[in-house]
Amino acid sequence: MSVTLYILMAPFLAALLSPVLIRFLGHRAVWLLALVPAFVFIHLSGYLPTVAAGEAVTGGIQWVPSLGANLSYLIDGLSLTFALLISGIGTLIILYAGGYLSSHPQLGRFVGFLFLFMGSMLWVVMADGLIALFVAWELTSITSFLLIGFDHNRAASRRAAIQALLVTGAGGLSLLAGVVVLNRISGMTELSLLINGGDVVRDSPYYLLALILVLGAAFTKSAQFPFHFWLPNAMEAPTPVSAFLHSATMVKAGVYMLMRLNPVLGDTAVWETVLPLFGIVTLVTATLLAVRQTDLKLMLAYTTVGSLGLLVMLTGFGSERAIEGAVYYLVAHALFKGGLFMVAGIVDHESGTRDIRKLGGLRKAMPITFAAAALAGLSMAGLPPFIGFIAKEEIYAAIGKGDLWSISLTVLAIFGNALMLVIGAALAIKPFLGAKVETPKHAHEGPVLLWLGPLTLSVMGLLSALFASYSNHFIISPMSTAVAGTGIEAHGVVAFHIGLPLLLSLVTIGLGIAIFWKLDTARLIMARVLHIIGWGPDRGFDQVVAGIVRLSVAITRVLQNGRMEAYMTSVFLVFGISVWLSLIHFGELPAWPSFPSMTFYEWGMMLLALLGLIAVLTAYNRLTAIVSLGIQGFAVAVIFMLFGAPDLSFTQFMVETLSVVILALVMTRLTLNKTDRRPMRETVFDFAAALVAGSAFTALLLAVVGVPFDPALSEFFSANSRVIAHGRNIVNVIIVDFRGFDTLGEIAVVMITGLAIIALIRVKQRKPRFEYELEGPDE
Amino acid sequence: MNTVIFRAVAPYLTALMVVFSVFILLRGHNEPGGGFIGGLIAASAFAMYGISNGVAAVRRSLYFHPISIAGFGLLLAGLSGALSVFFHVPYLTGLWTKVAIGSVELDLSTPLFFDIGVYCVVVGAISAIALALEERQAD
């Protein structure tokens, strides 16, 4: 194993350590724990020169060789940029979490979850093996469930967590299917091979299937309309989670997937229609919804959805310039959105409210936070000299073309960006400037753990633009190259080129300022419009879930009606009929057996078994019937003995004894009539069912015996039992040695059955509870 | 069933059956027997003791909860297979060694421990069921 593989596993180790360390050192342990992602960041930075030179590094170990599943990683421009964002922002988030939940009793668990999530996310972007990618993808769904539902005493929090899990989990299943289809088409198990063999996939008749499945995964994870609803609801999580999941990680995983598979699935008419369409609809819907919000975090959440729409649109636009724009915007967004979320958290933490209408004039009380908010907000608004500005220039340069499709996309994108500017400005200005508003808590600057993160990210947004030649060389160009599959040299800088992009930027800024001026009015209008529509995917989700629950209750009530007789009758009938039908269908009815020649004592035992059966049928009460069944069982055991199977016979004796004992014990607990008198109709029906099942089994056995005996197995066992397994009792050797793994499974079943029966015996009779408790959305 | 004779004889009978079950378990590799059948014998012994002298007496004499015994057995069986990892052979490969105790040479093997695990699972699970059923009878 290479060092990099160990490094990529480090966050999982940190997840184990953090509860212990925080218990002993308190919340200051995060300074120590943050070293882990910082170290990952530094180690991965070492790959920057290699990757900038156009090389991709792969490595790893075999995981399940028989399935072609490898625990392998791929480091190229795309994965490296993502991994650096995850580990870099992750470092800051760990520190921030220590400050934000410093006195929370479960801080250790919380930081542990964060590390688990970080490790899974790192593997999503670094994984080369398709199966490893899928596993990591599912891990992010599960760990984000834990994070969103961290505050599990609140119903809204639980609902948001389950919603996120169901939506992204469904996407995960779609990804699994997509990965399998891609593998079937191309025969490849590694992404690094697949992205060089895109033509095979594009020419395949199953291309569309693979595309739909992959898009199903990407759109749910990246919250594209109409799956966008889980993301704003996930704001129920503590702010460090929101800042991490919704800036650089979780929700970007879908975008990552699209970018990663662009060389494989892209460059087709479907790709270049579907992606921009979903992207632009998401952008416009989300930014409109954002205007309506008054909660700082919800405003940010909806703009996140909008930004993801923009990224999806650009990825599918189909030009190298658009991909370059997407890459710039992705980096810019990770920096400013991470910063702004943390700022919103500090404001909430120190002033006691996140409602933008109740905030104002905090600049004197929180100067550092204000600085971070201003820098990030300006970047989000797309103003120079920030990375957000370069991103917007590149986007407009890419999509500002003459045809109708581009023009309509551009108009909608301008609209969306203008609204984004409104929100950015509102977040950076409203809480801090203007007259001082009295807040629930007396506001003052947060501790260093809190403001370090947002300030670092905001300053990075400035530096990455000022030193654009470095960021272009090391980050943007390699990443664009990896996404496009062909060499791209990025050259965005902070400078004013007179031309279309600048003009479009000015239009955006003008429009944005105009809306900002009338923000309160716009909010009212949006609220009214939404009130008129009244129904959204969020409600729809509840109805779908409730519908599924109702359906399963209905099915359960039919199949699990609680009547033992019904279960047994259906099992026996299905068994008997299916055996008879298949025997007849395949023409394998056994020949009528010849009359066997047996000794008189063998006949005697047969007769005894038969007598037992007659006794069962004629028994007057239940206990007699059970004991009579024992007669038949013991007779069979003796027959086993006579025909040379002592082990089998031995076991049969014990099983018979125990079943009589246990059945008798069960009978004493049931309140039954002593006798079992039933109407003729039932008796006849049961007799018919028994006859069908019994005769089917007899016929099956005769058919099996009729086939010439293949002695290969028994010869192998008798030849090797003594030699290999050092045992003369072949039966036992098979159980504990040759077929040991089967036995392990069997005894596990025995154990579980025991547990289940005890649970059944102990359970008190009570009314069944089928009601699904619907926890409606907050609004 | 709760006769004086039965109550007086049952403990001795139980002890005899448990000893016999261990004997059956240990000889299983070469003669008819083994963990499954041994476990069934011991389980019926405990079930009988429960019927004659009450469940509380059985629980006291077993000391561990029957399900814990079953769990231990499953663990033992699983671990006996895992020993092979130190010898770079596949899971559950039988490993053998000879241990000299005085002048007696004893063959020890992982299948033996596996079989003991099977025995414990069967004893534990079946007597847990039987005892739970007998217990409710009382109330």
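Residues numbered from 1 in each chain as written. Chains lettered and ligands numbered in written order. Predicted model: local features only at pLDDT ≥ 70, side-chain atom pairs only at ≥ 80, totals over all residues. Heavy atoms only, no water.

*Asks:* Got a sec to walk through the overall build of chain A? Specific residues and values, please.
*Replies:* Along the backbone of chain A there are 33 helices and 2 strands. When its C-alpha atoms are laid out on the principal axes, chain A stretches across 110 × 60 × 55 Å. Expressed as a percentage of the 779 residues in chain A, the buried residues total 49%. Sequence-distant contacts in chain A: of pairs separated by 6 or more residues, those separated by 24 or more amount to 79%. Taking the average place of the 46 positive charges on the side chains of chain A and the average place of its 44 negative ones, the gap between the two points comes to 13 Å. (Helix = DSSP H or I, 4+ residues; strand = E, 2+ residues; numbered from the N terminus. Buried < 20%, exposed > 50% of the residue type's maximum accessible area, 1.4 Å probe, protein only. Contact = heavy atoms within 4.5 Å. Lys, Arg positive; Asp, Glu negative; His and termini not counted. Charge placed at Lys NZ, Arg CZ, Asp CG, Glu CD.)

*Asks:* Pulling in residues and values, what's your account of the overall build of chain B?
*Replies:* For chain B, the helix and strand inventory stands at 5 helices and 2 strands. Taking the principal axes of its C-alpha atoms as reference, chain B extends roughly 55 × 30 × 25 Å. In chain B, which comprises 139 residues, the proportion classed as buried is 47%. Long-range contacts, defined as pairs at least 24 residues apart, comprise 63% of the intrachain contacts of chain B with a sequence gap of at least 6.

*Asks:* Which residues make up the interface of chain A and chain B, and what values do they have?
*Replies:* Every contact between the two is made by 38 residues of chain A and, on the other side, 43 residues of chain B. Together, the buried faces of chain A and chain B total about 3,700 Å²; carbon and sulfur atoms form 75% of this surface. Ranking the residues of chain A by area buried against chain B places Arg669(A), Ile747(A) and Met751(A) at the top, with a combined share of 16%. Along the contact surface separating chain A from chain B lie 1 salt bridge. We note a salt bridge from Glu31(B) to Arg728(A), for which the minimum N-O separation is 3.3 Å. The interface formed by chain A and chain B includes 9 residue pairs in polar contact (both at pLDDT 80 or more). Counting only elements with at least two residues in the side of chain A that touches chain B, the list comes to helix H29 (646-669), helix H32 (730-738) and helix H33 (740-762) of chain A. The residue inventory of the side of chain A that touches chain B, partitioned by class, reads 23 nonpolar, 9 polar and 6 charged. (Buried area = accessible area lost by both parts, 1.4 Å probe. Salt bridge = Lys/Arg side-chain N within 4 Å of Asp/Glu carboxyl O. Polar contact = N/O pair within 3.5 Å; in protein donor to acceptor, adjacent residues only side chain to side chain. Nonpolar A, V, L, I, M, F, W, Y, C, P; charged D, E, K, R; others polar.)

*Asks:* Report on the pairing of strand E1 (residues 57-64) of chain A, specifying residues and quantitative values.
*Replies:* Residues and elements named next belong to chain A. Note: E1 against strand E2 (residues 69-75), 7 bridges, orientation antiparallel. The residue bridging Gly59 from the neighbouring strand is Tyr73, located in E2. Counting the residues that bridge the hairpin from E1 to E2 gives 4 residues, and of these Gly68 lies at a positive phi of roughly 70°. (Pairing = 2+ DSSP bridges.)

*Asks:* Please give an account of the packing of aromatic side chains that cites residues and values.
*Replies:* Residue and element names in this part refer to chain A. Enumeration according to the criterion identifies 17 aromatic pairs over all chains in this entry. Ring geometry for Phe370 against Phe432: centres 5.2 Å apart, planes inclined by 40°, an arrangement best described as tilted. With Phe370 in helix H18 (residues 367-381) and Phe432 in the loop between helix H20 (404-429) and helix H21 (448-466), this residue pair connects regions lying 62 residues apart in the sequence. Residue classification places Phe432 among the buried positions, given a relative accessible area of 0%. Linked through ring pairs, Phe716, Phe717 and Phe738 together constitute an aromatic cluster. (Phe/Tyr/Trp six-rings, centres within 6.5 Å; stacked < 30°, edge-to-face > 60°.)

*Asks:* Describe the side chain of Thr14(B), and please don't skip the residues or the numbers.
*Replies:* Looking at where Thr14(B) falls in the secondary structure, it is placed in helix H1 (residues 4-27). Contacts of Thr14(B), omitting those with residues within four sequence positions, involve Ala45(B), Phe46(B), Met48(B) and Tyr49(B).

*Asks:* Before we move on, could you go through the domain arrangement of chain A and cite the residues and values that matter?
*Replies:* For chain A, the assigned domains read domain 1 (267-534) and domain 2 (563-728). For domain 1 of chain A and domain 2 of chain A, the distance between their C-alpha centres works out to 74 Å. (Domains from an automatic or database assignment.)

*Asks:* So, a nonpolar patch on the surface: which residues are in play, and what are the values?
*Replies:* Residues and elements named next belong to chain A. A surface patch of nonpolar side chains, amounting to about 670 Å² of accessible area, comprises Leu607, Leu608, Leu610, Leu611, Leu613, Ile614, Leu629 and Ile631. Those elements that place two or more of their residues in the nonpolar patch are helix H27 (600-618) and helix H28 (622-642). No other element matches the 6 residues that H27 contributes to the nonpolar patch. Here Ile614 shows up in helix H27. According to the relative accessible area criterion, Ile614 is partly exposed, its value standing at 44%. (Patch = residues over 30% accessible without salt bridge, like charges linked within 9 Å, V, L, I, M, F, W, Y side chains within 5 Å. Areas by Shrake-Rupley, 256 points an atom, 1.4 Å probe, with all protein chains shown as cover.)

*Asks:* With reference to specific residues and values, describe the confidence of the model for chain B.
*Replies:* Within chain B, residue pLDDT values average 88, and 96% of them lie at 70 or more. The ipTM, which scores confidence in the relative placement of chains, is 0.92 for this predicted complex, and the corresponding pTM is 0.73. (pLDDT = per-residue confidence, 0-100.)

*Asks:* Give a detailed account of unusual backbone geometry, specifying residues and quantitative values.
*Replies:* Going from Phe225(A) to Pro226(A), the amide bond is cis rather than trans, its omega being 5°. Inspection of the secondary structure assignment puts Pro226(A) in the loop between helix H11 (207-221) and helix H12 (230-233). The backbone of Asp267(A) shows a phi angle near 65°, a positive value even though the residue is not glycine. Classification of Asp267(A) by relative accessible area gives exposed; the value is 61%. Positive phi outside glycine occurs at Tyr63(B), with the angle close to 70°. Assignment of secondary structure puts Tyr63(B) in the loop between helix H3 (55-62) and helix H4 (66-82).

*Asks:* I'd like a rundown of the nonpolar core, residues and numbers included.
*Replies:* Ranked by internal contacts, the top residues of the largest apolar core, which has 185 residues, are Trp230(A) and Leu265(A). Per-element tally for this core: the top contributor is helix H17 (residues 320-351) of chain A, with 19 residues. Those residues within four positions of Trp230(A) in sequence are excluded, and the remaining contacts are Gln163(A), Ala164(A), Val167(A), Thr168(A), Thr220(A), Lys221(A), Ala223(A), His246(A), Met250(A) and Val251(A). In terms of nonpolar packing, the next biggest core, distinct from the first, is built from 28 residues, Met751(A), Ile758(A), Phe114(B) and Ile129(B) among them. (Core = buried A, V, L, I, M, F, W, Y, C linked by side-chain atoms within 4.5 Å.)

*Asks:* So what about the pattern of salt bridges? Which residues, and what values?
*Replies:* Residue and element names in this part refer to chain A. Under the counting rule described, the total for this entry stands at 10 salt bridges over all chains. A salt bridge links Asp151 to Arg154; the nearest nitrogen and oxygen atoms lie 2.8 Å apart. The class for Asp151 is partly exposed, based on a relative accessible area of 30%. Via salt bridges that share partners, Asp151, Arg154 and Glu236 belong to a single interconnected network.

*Asks:* Go over the packing of H27(A) against H28(A) with me, naming the residues and quoting the values.
*Replies:* Residue and element names in this part refer to chain A. Taken N-terminus to C-terminus, the directions of H27 and H28 make an angle of 160°; their axes are 7 Å apart at the nearest point. Accordingly, the angle class assigned to the pair H27 and H28 is roughly antiparallel. Read as a crossing pair, H27 and H28 show a hand that is left-handed. Across the interface between the two elements, Tyr601, Glu602, Met605, Met606, Leu608, Ala609, Gly612, Leu613, Ala615 and Val616 of H27 pack against Ala625, Ser628, Leu629, Ile631, Gln632, Ala635, Val638, Ile639 and Leu642 of H28. Residue composition of the contact of H27 with H28, grouped by class: 15 nonpolar, 3 polar and 1 charged. (Axes fitted to C-alpha atoms, helices over the stretch in contact; angles between N-to-C directions. Parallel < 35°, antiparallel > 145°, perpendicular 65-115°, else oblique. Left-handed = near helix turned anticlockwise from the far one by under 90°.)

*Asks:* Describe H32(A), and please don't skip the residues or the numbers.
*Replies:* Residue and element names in this part refer to chain A. Within H32 the residues assigned to the buried category are Asn732, Val733, Val736 and Asp737. Each buried residue of H32 sits inside an arc of 100° when the element is viewed along its axis, so together they form one side. With a side-chain oxygen positioned 3.2 Å from the backbone nitrogen of Val731, the residue opening H32 is Asn729. (Arc of directions from axis to C-beta.)

*Asks:* Got a sec to walk through H28(A)? Specific residues and values, please.
*Replies:* Count 3.6 residues to each turn of an α-helix, and residues three or four apart come out pointing the same way. Residues and elements named next belong to chain A. Taking 1.5 Å of rise per residue, 21 residues should cover 30 Å, and H28 covers 31 Å from first to last C-alpha, within 8% of that figure. In this fold, the buried residues of H28 make contact with H27 and H29. With a side-chain oxygen lying 3.3 Å from the backbone nitrogen of Leu623, the N-terminal cap of H28 falls on Asn621. Phi turns positive, to about 80°, at Gly644, one or two residues after H28. (Expected span 1.5 Å × (residues − 1).)

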